[in-house]
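# Secondary and tertiary structure notes
These are the residues of each chain, in order.
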Amino acid sequence: MKYRLLLPEEWDKLGELFEDIPVPNPAVSVMAVAENDKEEIVGLLCLQLQWHMEPLIVTQPDVDFTELKEVLDNQLRPNGNGCYYSFIDNEKIGRMVEDAGMQPQPVMVFRGEV
């Protein structure tokens, strides 16, 4: 087994592996791959910059979260893949985010440091 970084010009090899998941942008990502003896990619792990929405600070009750979110959505639309996440630690903010069209995800979040 050979482990290496996949060069950006090689990322076209990833299409079948990703199926319905958008392939990350190589300009802001690096991809570690495992290749077998036939130089087929049989494993990968991507380290990527990922948009996330936080913090949210509201000092007056008439602030509309949906309007704030739309301003940010408009920044991502011209750039293609506009996937982002929001890490929520209280139910009130969670309801606001869900009301604005974001979907809860069945994931655990882990933190790593180098």
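I will try to describe carefully the structure that is included in this document. (Residues numbered from 1 in each chain as written. Predicted model: local features only at pLDDT ≥ 70, side-chain atom pairs only at ≥ 80, totals over all residues. Heavy atoms only, no water.)

## Focus on a nonpolar patch on the surface
- Residues Tyr 85, Phe 87, Val 107 and Val 109 make up a contiguous nonpolar surface patch of roughly 400 Å² in combined accessible area.
- With respect to the helices, strands and loops of the structure, Tyr 85 is situated in strand β5 (residues 84-85).
- A residue is classified by how much of its surface remains accessible, and Tyr 85, at 36% relative accessible area, is partly exposed. (Patch = residues over 30% accessible without salt bridge, like charges linked within 9 Å, V, L, I, M, F, W, Y side chains within 5 Å. Areas by Shrake-Rupley, 256 points an atom, 1.4 Å probe, with all protein chains shown as cover. Salt bridge = Lys/Arg side-chain N within 4 Å of Asp/Glu carboxyl O. Helix = DSSP H or I, 4+ residues; strand = E, 2+ residues; numbered from the N terminus. Buried < 20%, exposed > 50% of the residue type's maximum accessible area, 1.4 Å probe, protein only.)

## Some remarks on the sheet that holds strand β2 (residues 29-35)
- A sheet is described by the order of its strands in space; here three strands give the open sequence β1-β2-β3, paired in antiparallel fashion. Pairing within the sheet leaves two strands with one partner each, and these edge strands are β1 (2-6) and β3 (41-48). Across the sheet, the axes of successive neighbouring strands diverge by a mean angle of 20°, strand direction being ignored.
- Note: β2 against β3, seven bridges, orientation antiparallel. Residue pairing for β3: Val 30 is matched across the bridge by Leu 47. (Pairing = 2+ DSSP bridges. Axes fitted to C-alpha atoms, helices over the stretch in contact; angles between N-to-C directions.)

## Details of the environment of Gly 15
- Within the secondary structure, Gly 15 sits in helix α1 (residues 15-18).
- Distance from Gly 15 to Ala 34, taken between C-alpha atoms, is 16 Å for residues 19 residues apart in sequence.

## A look at helix α2 (residues 65-76)
- Here α2 is 12 residues long and its end C-alpha atoms lie 17 Å apart, about the 16 Å a rise of 1.5 Å per residue gives.
- For α2, the full list of buried residues reads Phe 65, Lys 69, Asp 73 and Leu 76. All buried residues of α2 project into a common sector of 65° when viewed along the axis, lining one side. Exposed residues lying more than 90 degrees from the buried face of α2 are Glu 67, Val 71 and Gln 75.
- Residues of α2 that are buried sit in contact with β4 (51-52), β5 and α3 (91-99). (Expected span 1.5 Å × (residues − 1). Arc of directions from axis to C-beta. Contact = heavy atoms within 4.5 Å.)

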